[in-house]
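Residues per chain, in single letters:
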Amino acid sequence: MKLIVMFLEAHQPRRLSNFRYQDIGIRENYFWDEKNKEIIKRISQNSYIPTLSLLKDYSVPITLSFSGILLEQLWKYEPTVPDLLKEYFKASGGEMAIESYYHSLSSIWNPERFLNEVRKDMDIKKEIYDKDFRTFRNTEMIYSDKIDEIVNQLNVKNVLTEGTDSIISKYNPNFIYKTPFGHNIFLRNYRLSDDISFRFSNREWNEYPLFSEKYLNWLSNSPGDVINLFMDFETFGEHQRKETGIFEFLEAFIERAKDYNLKFATVNEAAESITPRGQISIKEYISWADIPRDMSAWLGNELQKDLFEILKSLEKCIPEEIYNYLLTSDHFYYVSLGTTPDITVHSYFNPYGSAYDAYINFRNILEDLRLRYCNGN
Amino acid sequence: MGVLGWELPPFFAGGLGIHTLNLFSILGKIIDITLYIPKFTDKDIHYNFKVKMVNYDPVGSPYERNKEFYQKVMDYNEILINEFDKDHDIIHMHDWITVPAGIKLKEKYRKKLVFTVHSTEYDRSGWFYPQERILKIEKEGMMAADRIIAVSHYTKKIISEKFSINPAKVTVIHNGVKSSLFSSFNKNYDLKNKVLYFGRVTPQKGSKFFIEAAYKVNKYIPSAEFIVAGEGDQLNEIKNFSKSLGLENTVNFYGFVSESESVRLYLDSDVFILPAVSEPFGMTVIESLSVGTPAIISKTTGVGEALNNVLKADFWDTDKIANYIIAVLKYRKLRETLGNFGKLEASRFSWENTALKTLEVYNSL
């Protein structure tokens, strides 16, 4: 029986406030908490609450990841969601994936900082759910052998990443493989994942409308042991609004899977029941973002690199309770100038209007911190 | 094709004249064009299209806002009707200053009528006491025209919302830029500490907001120079305003600047500012970007709708404009990126494109 391995990533950054040069030395609130609250509340209503309730009702085992900084904000603004998460895990045997607590870019820069973040994430999830979770997924699926080597220092068994075109030209993403350090590696099946997350409500798509029978047929005809459907949690109810029929689709999909000889499993369950098909080594950083599927969504242009270099140089003097939140990948993502199709995705997520505005805000904040804590050096 | 014009370089080169020369130089190679224009010289100047000079002395610019000018326009239109060659298939008029003749000629000879709106009275007045009689002429021209060409979606919106014209009749065609003139330079992004305003000094162009922004930037970067290049009705008022804010050593007035000098000015400035209250297109923005100089423009500047790599603010929000200016001056990477990407984006604007789209409008009639 083929396994559907569904993984949903939930994350929200602590967005930076609109910070003008004139605010330097005067204002101290770097975070746009009013906006963050509004977004957390909206997405909870549109997506987290209805989706978790549905998953709980069907007791369907899947793998979730809620970033540490999302959980912090949920406790503050919408504590019903963490409660619901607990209920879901109890009902279904679902799994929580481990990641960098601050959903940061630390993994490609500073292994020590990165390890601390992952440990913090492991600890907090163990504390809440009273379980050792051993599936690791880095910020936005950023991955290479180097990252595998770093997480080898932790008690990790499985890692998730993107099935990029160059990888799947050699390795069918519907099998499990081993990393050089012996972890099980799962590759996202991006075509079947994006059929739901990007194309579900697209009327221009020649497969529109997508019904569960058709979709399950595709899955059942796709050769291999596992179908790795990795996507944003917010696909359900936020990116694809309830009016699109996404919840009816999800229900029918879960309910009818068995008729197609398909079974839902968490990443860890799949790893325990299926034998890996050999080793995969990935030298360059890959990710699941944008068309190039590399680091360019965050560090692709001079503005993004400038911010990252300055931020790195200020590590020692900015207080950690601020610094941690500045490394979150989203702040860099907003500064992407992208290629044409991607720029529409970036502007959908951009709360500042433009990449340039996002840069100026972030840069002004760094200037303020530099003057305030780093003696202007 | 009979084109009713007003001005033509080298004699008086306003935006309308530049548009007329560039567009019809290209179209003149494809179709038969006769441009009617007030007689401005006895010299024989060669153009790529026929020019018929109407024996009449214009004295003044369509941007002037006085009584005498209005009467002169009416006189010119009367003469135009008599001079017009009835064999043209299409009449193409440009702005209100050629509308009365265009309407009469359409009625008289039953020709098709095209109306290009480069600006409306709302724009030219900065939405401050627009002249009713001119609004009326503009509306009549829009009603009579078979097709209207607007220089931006911003202007199309004014045409449909303020003049109650069916938007289906309006085609948006952006202006071009004489790319060879501006894009052949390699901009260097070392700090020059210069902020440029280049354009007529009028309420429409928002020069007052430029001075306000200068005042706000000056507190943080006292060494930055603010240049006002251009003349206009409001020049004295703006000079006094600048003085009253104590900016004698910060804001410098350069007066009239020729096209070739303007290239130098763009190159030598860190950033170009156009805080227009209402600017149908804004050719200077494209010129500045073509040179590689970043631009900060108002949201009410038409060309902004086709540009991602400029900074946009409300014209009145001088705190935000000041924040942008400081950022561009302080952060080199921002200057470089806005400049390089802006240049790339500006290269998409060409008079060839404008001409092709205009031809499509003619062919649709």
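Reading the values: the criteria
- As a convention, each chain's residues are numbered from 1 in the sequence order in which they are written.
- Chains and ligands are labelled by the order in which they are written, letters from A for the one and numbers from 1 for the other.
- A pLDDT threshold of at least 70 governs which residues receive local features in this predicted model, and a stricter bar of 80 or more applies before side-chain atom pairs are shown or counted, although totals over entire chains, interfaces and linings include all residues.
- Helix numbering and strand numbering both begin at the N terminus, where a helix is a DSSP run of H or I of at least 4 residues and a strand a DSSP run of E of at least 2.
- We compute the radius of gyration from the C-alpha atoms alone; for a globule the expected value is 2.2 Å times N to the 0.38, where N is the number of residues.
- With C-beta atoms placed from the backbone, a residue is labelled by how many other C-beta atoms lie within 10 Å of its own: buried for 20 or more, exposed for 12 or fewer, partly exposed between the two.
- Here, residue contact means that the backbone-derived C-beta atoms of the two residues sit within 7 Å.
- Paired strands are those between which DSSP finds at least two bridges.
- Note on handedness: a crossover is taken as right-handed if, strands pointing away from the viewer, the path from the first strand over the helix to the second is clockwise.
- Scored from 0 to 100, pLDDT records how confident the predictor is in each individual residue.
- Helix axes are fitted to C-alpha atoms over the stretch in contact, other axes to C-alpha atoms as well, and angles between N-to-C directions run from 0 to 180 degrees.
- Oblique is the label for every angle not falling under 35 degrees (roughly parallel), over 145 degrees (roughly antiparallel), or within 65 to 115 degrees (roughly perpendicular).
- Handedness of a crossing follows from how the near helix is turned relative to the far one, being left-handed for an anticlockwise turn of less than a right angle and right-handed for a clockwise one.
- In this scheme, a helix's expected span is set at 1.5 Å multiplied by one less than its residue total.
- Domain ranges listed in this record stem from an automatic or a database domain assignment.
- What we call a nonpolar core is a set of buried Ala, Val, Leu, Ile, Met, Phe, Trp, Tyr and Cys residues whose membership is set by joining through C-beta atoms within 7 Å.
- Three classes are used, and their members are as follows: Ala, Val, Leu, Ile, Met, Phe, Trp, Tyr, Cys and Pro are nonpolar, Asp, Glu, Lys and Arg are charged, and the others, Gly among them, are polar.

Scanning chain B from N- to C-terminus turns up 14 helices and 13 strands. Whereas a compact globule of 365 residues would reach a radius of gyration of roughly 21 Å, chain B reaches 21 Å, a difference of no more than 12%. In terms of overall dimensions, chain B has a C-alpha envelope of 65 × 45 × 40 Å along the principal axes. Going through the 365 residues of chain B one by one, you find that 51% of them count as buried. Considering only contacts within chain B whose residues lie at least 6 apart along the sequence, 68% involve residues at least 24 apart.

Attention now moves to the pairing of strand β9 (residues 225–229) of chain B. Residue and element names in this part refer to chain B. In terms of burial, β9 is largely enclosed, as four of its five residues are buried. Sheet analysis places strand β8 (residues 194–198) next to β9, joined by five bridges and oriented parallel. Across the sheet, residue Phe198 finds its bridge partner in β9, namely Ala229. Considered for its hand, the β-α-β crossover made up of β8, helix α8 (residues 207–218) and β9 is right-handed.

Among the residues of helix α6 (residues 153–162) of chain B, those classed as buried are Tyr154(B), Thr155(B), Lys156(B), Ile158(B) and Ile159(B). Check the buried side of α6(B) and you find it contacts β5 (112–117), α4 (121–124), α5 (132–144), β6 (147–150) and β7 (170–172) of chain B.

Residues and elements named next belong to chain A. With mixed pairing, four strands are arranged side by side in an open sheet as β4-β5-β7-β6. Lying at the two open borders of the sheet, with one neighbouring strand each, are β4 (135–136) and β6 (177–178). Strand direction decides the pairing type here: β6 and strand β7 (residues 184–188), joined by two bridges, are antiparallel. Paired with Lys178 across the two strands is Asn184, which belongs to β7.

Summary statistics for chain B give a mean pLDDT of 92 and a share of 96% for residues scoring 70 or more. Interface scoring of the predicted complex returns ipTM 0.92; its pTM is 0.93.

Residues and elements named next belong to chain A. Where helix α1 (residues 33–58) contacts helix α9 (residues 246–256), the two axes come as close as 11 Å, and the packing angle between them is 20°. On the basis of their axis angle, the class for α1 and α9 is roughly parallel. Note on packing geometry: the crossing formed by α1 with α9 is right-handed. Contacts between α1 and α9 involve Pro50, Leu54 and Tyr58 on the former and, on the latter, Phe247, Leu250, Glu251 and Ile254.

Residue and element names in this part refer to chain B. Taking 1.5 Å of rise per residue, the 13 residues of helix α12 (residues 318–330) would be expected to cover 18 Å, and the 18 Å separating its terminal C-alpha atoms lies within 8% of that figure. Among the 13 residues that make up α12, eleven are buried, leaving the element largely enclosed by the rest of the structure. Within α12 the residues assigned to the buried category are Thr318, Lys320, Ile321, Ala322, Asn323, Tyr324, Ile325, Ile326, Ala327, Val328 and Leu329.

Moving on, we get to the domain arrangement of chain A. All names here are of chain A. Taken as a whole, chain A is organised into domain 1 (2–273) and domain 2 (296–373). Between domain 1 and domain 2, the C-alpha centre-to-centre distance is 23 Å. Contact residues are listed per partner, giving 23 residues for domain 1 and 19 residues for domain 2.

A separate point is the nonpolar core. Grouped together as the largest cluster of nonpolar side chains are 209 residues, with contacts concentrated most on Val5(A), Tyr359(A), Ile148(B), Ile296(B) and Ile325(B). Broken down by element, the residue count for this core peaks at nine residues, all from helix α16 (residues 355–373) of chain A.

Residues and elements named next belong to chain B. Extensive coverage of β8 is indicated by the burial of four of its five residues. When β8 meets strand β11 (residues 271–274), the two strands line up parallel, connected through two bridges. Looking across to β11, one finds that Val195 is bridged to Val271.

Residues and elements named next belong to chain B. Two elements in contact, helix α10 (residues 259–267) and helix α11 (residues 283–291), have axes whose closest approach is 9 Å; the angle formed by their N-to-C orientations is 60°. Here α10 is positioned oblique relative to α11, judged by the angle of their axes. The crossing of α10 and α11 is right-handed. Each of Val263, Tyr266 and Leu267 in α10 lies in contact with α11, whose residues at this interface are Glu287, Ser288 and Val291.

On the side of chain A, twelve residues touch chain B, which itself brings 13 residues to the contact. Of all the secondary-structure elements, those providing two or more residues to the side of chain B that touches chain A are α12 and α13 (332–346) of chain B. With six residues, the single largest contributor to the side of chain B that touches chain A is α13(B). A class-by-class count of the residues in the side of chain B that touches chain A yields eight nonpolar, two polar and three charged.

Within a sheet, neighbouring strands are paired by backbone hydrogen bonds and run either parallel or antiparallel to one another. Residues and elements named next belong to chain B. In space, the seven strands of this open sheet follow the order β3-β2-β1-β4-β5-β6-β7, with parallel pairing throughout. Both edges of this open sheet fall to β3 (50–54) and β7, since each of them pairs with a single strand only. Here the average twist between neighbouring strands, direction ignored, is 25°. The sheet contact formed by strand β4 (residues 90–94) and β5 spans five bridges and is parallel. Following the sheet pairing, Ile91 is matched in β5 by Leu113. Of the strands in this sheet, β5, β6 and β7 touch α6, which is tilted by about 165° from β7.

This part covers the domain arrangement of chain B. Residues and elements named next belong to chain B. Split by domain assignment, chain B resolves into domain 1 (2–175 + 350–363) and domain 2 (179–346). Computed over C-alpha atoms only, the centres of domain 1 and domain 2 are separated by 29 Å. Listed by partner, the interface residues are 19 residues for domain 1 and 14 residues for domain 2. Broken down by secondary-structure element, the contributors of at least two residues to the side of domain 1 that touches domain 2 are α1 (15–30), α4 and α6.

For the rest of this paragraph, the subject is the environment of Val3(B). All names here are of chain B. Mapped onto the secondary structure, Val3 falls in strand β1 (residues 2–4). The class for Val3 is buried, based on 27 C-beta atoms found within 10 Å. When the C-alpha positions of Val3 and Leu35 are compared, they lie 4.7 Å apart, and in sequence the two are 32 residues distant. With near-sequence residues (within four places) excluded, Val3 lies in contact with Phe24, Ile33, Thr34, Leu35, Tyr36 and His92.

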